[in-house]
Amino acid sequence: MVPVSEHRTDRDGSHALLLGASAFRHPQILPVPAAANSLRAMERMLTDPARGRWPSAQVTSVLDPPNAVEAIRRIRRLAQRTTGTLLLYYVGHGLISASGELILTVHDTDPEDADLTGIEYSRVKSALLASPAAVKIVILDCCYSGRAIEALGSETVSNAVAARGVYTLTAADLEVAHVPPLAEQSAVPTSFTGQLLELVRTGLPGESPWLTLDAIYPHLAARLRHAGLPAPNRLTTDSAAHFPFVRNTDRTGTARRSGNTSAQPLGTASPTTPSGRPPFDPVKGTGYDIEEVDAHRLDVIALVADPRRRRRARAPYFRQVSGKNRYGYDKAQVDAHIEQHRCEPASFVDALRMLLADAGIPLVAKDGTQTRKAAREVDKVKSKCAIYGREQLIGFGRVGWYGRTPGMIAFTVTRIIVRTNSIPLVIPYSHVKQARLSTTSAWESWGTGDAVGASEVLTMTVGFGGREVKIIEESNHHPLQNTLSNTLPALSNLRRNHPEWFFSGPTADHADRGEA
């Protein structure tokens, strides 16, 4: 471990590039005024003499880069001439390309050709690794920013020289980030940047004069978790985690109420909730157990969304607190919230769970809540479908005993994966309308004499991009064909009704959040 004192706290040879995407030419990408607010707030924090201490001449802030070429060129040029610390901050929409790569959007990004009109993160990675900077810090406040972790972690971290000194902090893992509703964004930052800057503002009691990214991260993760926001992620190599990021404004050793939301007594104020999260009222001596509601609310919503199990999911849904000095969530409010989401999905994942349940696809329980047998099954599916890291598997279906083409279909937060004997075929939800389906059927006779019969053989061809897979099944049921035939049109309808869930950053990754 490298002590903070061994890192330079001056900014000689250092440069910070802040990019914000808040307005877009394409009508299917919603504007994000909160991104512009986040960009300005981050610049103020970095150049504040009491906190970031960056000279204003060494901080470049670009709001709404007009195109990807100009943005990538700026990143490269700045990276090439930085010898101290290179800080790259991006806030805006994140998209997933057809190949599964993270795309950072700019003003003229077209969702249909995101890899051509957006910033492919592989180009950012190349600029980072070619830079002579001693420390490289990347902070991404966008959907699917965990793809940046994968990009650096999969092949470059093993190269200790090339990846030396890189620290990546993301607003979400392989899911979507969070922003307040559009109507409420005029004067507020995005949720992730807002929590980060609030933590910097209040400081950390008992810590050293300079706060490192390694010291900040667990507190930031706890704040986001307590607020019901997506979990952040990080990847660090060498000693970048111990870089003195900002001055600590609280070294008193006494926790402040505003800096430690988990320490706030529930009886004195309403729980802090971001816009879009249900404001359940705390009630004394009764109500649902708060920790259990926060941890398993999504699982319960998925349960009541499953028509085969709905009768088993009835109130009370959670344990109830007892004791006059304990506080719980108002039971009626929680029950009403669960019923609302059973009837009206408020996010993409919420709708996807219901869609899969109605199609008879088994839903995957939240990590840590399934049985050992179910967990082993999920691990097998992830391995066969090349689902790595913390990408969330929502549900999957298999071919039965009579399947001529062994395989499965898996649904994650970001894509559909069709696996047969060949390489998995991946269909991102943002490109679902480009998937091609065609089916042919024939009857084949079998047996002789009195023991004769016939079976219907279906052949479905699934195509996406330049690849196709064929699925051949023989029985009265055709699991893969039925699943694809039902879910792809349903997803297309969902796309027409909620284009923001497929193209733009402000989407929802969980059932009760307005996520971005």
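Residues numbered from 1 in each chain as written. Predicted model: local features only at pLDDT ≥ 70, side-chain atom pairs only at ≥ 80, totals over all residues. Heavy atoms only, no water.

J.: Outline the overall build of the protein chain, supporting the account with residue identities and numerical values.
T.: The helix and strand tally for the protein chain stands at 13 helices and 20 strands. Expressed as a percentage of its 516 residues, the buried residues of the protein chain come to 52%. Of the contacts formed within the protein chain by residues at least 6 apart in sequence, a portion of 70% connects residues at least 24 apart. Carbon and sulfur atoms provide 50% of the accessible area of the protein chain, an area that totals close to 22,700 Å². (Helix = DSSP H or I, 4+ residues; strand = E, 2+ residues; numbered from the N terminus. Buried < 20%, exposed > 50% of the residue type's maximum accessible area, 1.4 Å probe, protein only. Contact = heavy atoms within 4.5 Å. Areas by Shrake-Rupley, 256 points an atom, 1.4 Å probe, with all protein chains shown as cover.)

J.: Kindly report on the packing of helix H1 (residues 33–47) against helix H6 (residues 191–202), identifying the contributing residues and their values.
T.: Packed helices, taken two at a time, are described by the angle between their axes plus the distance between the axes. The geometry of H1 relative to H6 is characterised by a closest axis approach of 10 Å and an angle of 20 degrees between their N-to-C directions. In this view, H1 runs roughly parallel relative to H6, as classed from their interaxial angle. In this structure, H1 meets H6 at a crossing whose hand is left-handed. Along its contact with H1, which presents Ser-38, Ala-41, Met-42 and Met-45, the element H6 presents Thr-193, Leu-196, Leu-197 and Val-200. Looking at the contact of H1 with H6, its residues break down into six nonpolar, two polar and no charged. (Axes fitted to C-alpha atoms, helices over the stretch in contact; angles between N-to-C directions. Parallel < 35°, antiparallel > 145°, perpendicular 65-115°, else oblique. Left-handed = near helix turned anticlockwise from the far one by under 90°. Nonpolar A, V, L, I, M, F, W, Y, C, P; charged D, E, K, R; others polar.)

J.: Describe in detail the packing of helix H2 (residues 68–80) against helix H4 (residues 121–130), supporting the description with residues and values.
T.: At a minimum axis distance of 9 Å, the contact between H2 and H4 shows a crossing angle of 15 degrees. One element, H2, and the other, H4, form an angle in the roughly parallel class. Seen along the crossing, H2 lies across H4 with a hand that is right-handed. Listed contacts from H4 to Ile-72, Ile-75, Arg-76 and Ala-79 of H2 are Arg-123, Val-124 and Ala-127. By residue class, the composition of the contact of H2 with H4 is five nonpolar, no polar and two charged.

J.: Account for the sheet that holds strand E16 (residues 415–419), with residues named and values stated.
T.: Strand order across the open sheet formed by four strands is E14-E15-E16-E17, with antiparallel pairing between neighbours. One side of each edge strand has no neighbouring strand; the edge strands of this open sheet are strand E14 (393–398) and strand E17 (425–428). Going across the sheet, the axis of each strand differs from the next one's by a mean of 15 degrees, ignoring polarity. Note that strand E15 (residues 408–412) and E16 share four bridges and pair antiparallel. By the bridge assignment for E16, Ala-410 is matched with Ile-417. Packing of helix H11 (residues 372–384) onto the sheet brings it into contact with E14, E15 and E16, and relative to E14 it is tilted by some 85 degrees. (Pairing = 2+ DSSP bridges.)

J.: Give a detailed account of the pairing of E16, specifying residues and quantitative values.
T.: For E16, the tally of buried residues reaches four of five residues, placing the bulk of the element in the interior. Both E16 and E17 contribute to a ladder of four bridges, which runs antiparallel. The partner of Ile-416 across the bridge, within E17, is Ile-427.

J.: Go over the sheet that holds strand E2 (residues 59–63) with me, naming the residues and quoting the values.
T.: The strand order E2-E1-E3-E7-E8-E10 describes an open sheet built from six strands, whose pairing is mixed. The open sheet has two edge strands, E2 and strand E10 (233–236), and neither has a second partner. Averaged over all pairs of adjacent strands, the angle between strand axes in this sheet comes to 10 degrees, irrespective of strand direction. As judged from the seven bridges shared by strand E3 (residues 85–91) and strand E7 (residues 135–141), these two strands associate in the parallel manner. Bridge pairing in E7 links Tyr-90 to Leu-140. Along the sheet, H1 contacts strand E1 (15–20), E2 and E3; its crossing angle with E2, the most-contacted strand, is approximately 170 degrees. Relative to E7, H4 is tilted by about 160 degrees, and along the sheet it contacts E3 and E7.

J.: Tell me about the environment of Leu-363, and name the residues and values.
T.: Here Leu-363 lies in the loop between helix H10 (348–358) and H11. A sequence separation of 30 residues divides Leu-363 from Leu-393, and the C-alpha atoms of the two residues are 8.7 Å apart.

J.: Talk me through a positive patch on the surface; I want residue IDs and the actual numbers.
T.: A cluster of like positive charges, contributed by Arg-372, Lys-373, Arg-376, Lys-380 and Lys-384, occupies part of the molecular surface. Tracing the chain through its elements places Arg-372 in helix H11. (Patch = residues over 30% accessible without salt bridge, like charges linked within 9 Å, V, L, I, M, F, W, Y side chains within 5 Å. Salt bridge = Lys/Arg side-chain N within 4 Å of Asp/Glu carboxyl O. Lys, Arg positive; Asp, Glu negative; His and termini not counted. Charge placed at Lys NZ, Arg CZ, Asp CG, Glu CD.)

J.: Kindly report on the pattern of salt bridges, identifying the contributing residues and their values.
T.: This model, assessed by the stated rule, comprises eight salt bridges. Among the salt bridges present, the one from Asp-48 reaches Arg-51, with a minimum N-O distance of 2.7 Å. With its nearest N and O atoms 2.6 Å apart, the salt bridge here joins Glu-198 to Arg-201. Placement of the pair is Glu-198 and Arg-201 together in helix H6, with a separation of three residues, close to one helical turn. The partly exposed category is assigned to Glu-198, whose relative accessible area is 23%.

By themselves, these figures tell us nothing about what the structure is for.
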